[in-house]
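Here is how the chains run, residue by residue.
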Amino acid sequence: MGDETPARENKKKIRGLNIPDELVLDILSRLPVKSLLRFKSICKSWLSMISHPQFIRTHLHRSTQSPHCPRLLLKTNRSPLSFVSIDFRTPNRESESLQCPWENSDSFIQPLCSCDGLILLSLHDGHFVGTKSGRSFVLWNPSDRSHKIISCPYELPFCALYGLCYDSTAHDYKVFIVSQESETSVAIYSSRNNSWNLVMDNRYYLYASEHQAIVNGAVHWVMCSREFDSWVIVYFDLVEEKFKEVPPPSLWNEDDEMNLVVLRGFLCVYCDIGVRQIEVYAMKEYGKKESWARLFVIPCAIERRVPCSTYLKPLCLTKKGQVLVSVGKRRIGIYDPKDRTFLLYDSVRGRTAIPYVESLVSLNGGV
């Protein structure tokens, strides 16, 4: 007999171990995505196991609990389609270059938001024109380099709110584009069905903040109530196909600019006035107004190289309670509320920092 290939030798070793399938599944679901993508080629049973929707959901859940979660995606200046992924715990030391799987040097691409490892990007170029204003979008999983280019059939104004979330009732990832001209409209894209739907809801109009927060299986935005002419937190109910409200903090000053972020799974609001501190509140029990509590404060002029007028955005929290902060449009820093120290990462430069988790989520529908 001739020499056996390494793949056949590996298969024989695996069969010889007689490890129960339940234990194999448990071990594999704790491994990084890169390893699992390689392990798909070991044998058909592993390919089937790793590709199964239940395994993907289990792996995703465990990935979100990992100390390596989330990572940060930043658009770099090296090329129009170049990104870098960094470990938020050690931004100065660990980074990974990511190249988009499509090539077009004329593209202008903007990261918008993320959900379960998928990144939603806005794409502008001469090849993918989805509307009269040339609006097209990309769903991209940077962990396995898969992507899907989608074109919206509706004409969209330049100013819009965006969102991406998993619809557990339909096992589907959906894109939301909220825009306003004479009416407020919500364009909804189904990844599973590769189709669009348009819903009108004129009780609210758009707010300047473009930040969204995915909590409790829904995308949340800050909008303005037409009835009361005040800022409100709303989410889009997929079952009833309309906006619903979440009560804001009672201590919040309505004159302050309200922004949203998710920290440790909580819906949070924060305010950046520029000339004074940032206050961050978290809703500890979703939907209950009395559960809002102040998490921390980021003071003005946290570092001598950061002027008070610089825009700051909390991105995520470490297990030690430190706050990773986007500083202006191109820099990252970390603030410790306990000892009130701030470290600006000089080696990390990029636009639009978006936290994301590495996942096996398929772009051919749900999981």
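Residues numbered from 1 in each chain as written. Predicted model: local features only at pLDDT ≥ 70, side-chain atom pairs only at ≥ 80, totals over all residues. Heavy atoms only, no water.

**Considerations on the overall build of the chain**
Selection criterion: A helix here means a DSSP run of H or I that spans at least four residues, while a strand means a run of E at least two residues long, and both kinds are numbered starting from the N terminus. Burial here depends on accessible area, computed with a 1.4 Å probe over protein chains only, as a share of the maximum for the residue type. Under 20% is buried, over 50% is exposed, and the range in between is partly exposed. In this description, contact between two residues means that some pair of their heavy atoms is separated by no more than 4.5 Å. Areas reported here follow the Shrake-Rupley algorithm with a probe of radius 1.4 Å; residue values treat only the protein chains shown as occluding.
Scanning the chain for helices and strands turns up five helices and 25 strands. Taken over 367 residues, the chain has a buried fraction of 51%. Taking all contacts inside the chain whose residues are at least 6 apart in sequence as the whole, residues at least 24 apart take part in 45%. Here the chain has roughly 18200 Å² of accessible surface; of this, 50% comes from carbon and sulfur atoms.

**Overview of the nonpolar core**
Definition in use: Each nonpolar core is a collection of buried residues, namely Ala, Val, Leu, Ile, Met, Phe, Trp, Tyr and Cys, held together in the definition by side-chain atoms within 4.5 Å.
Leu 28, Leu 120, Phe 137, Leu 164, Val 175 and Ile 177 are the most contacted members of the largest nonpolar core, which has 36 residues in total. Counting residues per element, this core draws most heavily on strand E8 (residues 160-167), which supplies four residues. Once residues within four sequence positions are removed from consideration, Val 175 is found in contact with Leu 120, Leu 139, Ile 150, Gly 163, Leu 164, Ala 187, Ile 188 and Tyr 189.

**Section: the sheet that holds strand E5 (residues 118-124)**
The condition is simple: If DSSP finds at least two bridges between two strands, the strands pair. Here the axes come from fitting lines to C-alpha atoms, over the contacting stretch only for helices, and the angles between their N-to-C directions go from 0 to 180 degrees.
Reading across the sheet, the four strands line up as E4-E5-E6-E7 and stay open at both edges, with antiparallel pairing between neighbours. With partners counted over all chains shown, the strands left at the sheet margins are strand E4 (108-115) and strand E7 (146-151), one partner each. Put simply, the sheet's adjacent strands are angled 25° from each other on average, direction ignored. Pairing of strand E6 (residues 136-141) with E7 involves six bridges; the strand directions are antiparallel. Paired with Asn 141 across the bridge in E7 is Ser 146.

**Quick word on the packing of aromatic side chains**
Stated formally: Pairing of aromatic rings covers Phe, Tyr and Trp, the last counted by its six-membered ring, and requires centre-to-centre distances within 6.5 Å; plane angles under 30 degrees mean stacked, over 60 mean edge-to-face, and any other angle means tilted.
Tallied over the full model, the rule gives ten aromatic pairs. Residues Tyr 189 and Trp 196 carry aromatic rings whose centres are separated by 5.1 Å and whose planes lie at 50° to one another, so their mutual orientation is tilted. On the basis of relative accessibility, which here comes to 1%, the residue Tyr 189 falls in the buried class. Taking the centre distance of 5.9 Å and the plane angle of 90° together, the rings of Tyr 204 and Phe 243 count as edge-to-face.

**A word on helix H4 (residues 44-51)**
The line we're drawing: Picture the helix axis, draw a direction to every C-beta atom, and the arc is the one those directions span.
When H4 is considered as a whole, its buried residues turn out to be Trp 46, Met 49 and Ile 50. Seen end-on, H4 carries its buried residues on one side only, within an arc spanning 90°.

**What to know about the environment of Tyr 204**
Inspection of the secondary structure puts Tyr 204 in strand E12 (residues 204-206). Counting along the chain gives 27 residues from Tyr 204 to Trp 231, while the straight-line C-alpha distance between them is 9.4 Å. Every residue in contact with Tyr 204, bar those within four places of it in the chain, is listed here: Thr 184, Met 223, Cys 224, Ser 225, Arg 226, Val 232, Val 234, Phe 243 and Glu 245.

**Comments concerning the pairing of strand E23 (residues 331-336)**
Burial of E23 is extensive: six of the six residues sit out of reach of the surface. Burial of the side chains of E23 extends over both faces: Arg 331, Gly 333 and Tyr 335 are buried on one face and Ile 332, Ile 334 and Asp 336 on the other. What sits between the antiparallel neighbours strand E22 (residues 323-327) and E23 is a turn of three residues, in which Gly 328 has the positive phi angle 65°.

**Brief notes about unusual backbone geometry**
Even without a glycine there, the phi angle at Asn 216 is positive, about 60°. Relative to the elements of secondary structure, Asn 216 occurs in the loop between strand E13 (213-215) and strand E14 (218-225).

**So, a nonpolar patch on the surface**
The criterion, for reference: Each patch is built from residues that are more than 30% exposed by relative accessible area and take part in no salt bridge. Like charges join if they lie within 9 Å; nonpolar side chains (Val, Leu, Ile, Met, Phe, Trp, Tyr) join within 5 Å. In what follows, salt bridge is the name for a side-chain nitrogen of Lys or Arg lying within 4 Å of a carboxyl oxygen of Asp or Glu.
Taken together, the side chains of Ile 19, Leu 23 and Ile 27 define a hydrophobic patch exposed on the protein surface, amounting to about 240 Å² of accessible area. By the secondary structure assignment, Ile 27 is in helix H2 (residues 21-28). Owing to a relative accessible area of 43%, Ile 27 belongs among the partly exposed residues under this scheme.

**Remarks on the sheet that holds strand E9 (residues 172-180)**
An order of E8-E9-E10-E11 is seen for the four strands of this open sheet, with the pairing classed as antiparallel. At either end of the open sheet lies a strand with only one pairing partner, and these are E8 and strand E11 (195-200). Direction aside, the axes of adjacent strands within the sheet are offset by 20° on average. Here E8 pairs with E9 via eight bridges, running antiparallel.

**Observations regarding the pairing of E6**
Most of E6 is tucked away, with six of its six residues classed as buried. Taking every second residue as pointing to the same face, both faces of E6 are buried, with Ser 136, Val 138 and Trp 140 on one and Phe 137, Leu 139 and Asn 141 on the other. With five bridges joining them, E5 and E6 adopt antiparallel strand pairing. Note on E6: the bridge partner recorded for Leu 121 is Val 138.

**What to know about the confidence of the model for the chain**
Stated precisely, the cut-off is as follows: Per-residue confidence from the predictor is given as pLDDT, running between 0 and 100.
Of all residues in the chain, 77% attain a pLDDT of 70 or more, and the chain-wide mean is 81. Contacts for the low-pLDDT stretch residues 126-132, under 50 throughout, to residues beyond four places or in other chains number 17 contacts.

**Here's the deal with the packing of H2 against H4**
The criterion, for reference: Throughout this description, any angle smaller than 35 degrees is read as roughly parallel, any larger than 145 degrees as roughly antiparallel, any in the 65 to 115 degree range as roughly perpendicular, and the remainder as oblique. When the near helix sits turned anticlockwise from the far one by under a right angle, the crossing is termed left-handed; a clockwise turn instead gives a right-handed crossing. Polar here means any residue outside two lists: the nonpolar Ala, Val, Leu, Ile, Met, Phe, Trp, Tyr, Cys and Pro, and the charged Asp, Glu, Lys and Arg; Gly therefore counts as polar.
Viewed as axis vectors pointing N to C, H2 and H4 meet at an angle of 55°, and their least axial separation amounts to 11 Å. Comparing their axes, H4 and H2 come out oblique. In terms of crossing hand, the pair formed by H2 and H4 is right-handed. Of the residues in H4, those touching H2 at Asp 21, Val 24, Leu 25 and Leu 28 are Trp 46, Met 49 and Ile 50. Partitioned by chemical class, the residues of the contact of H2 with H4 number six nonpolar, no polar and one charged.

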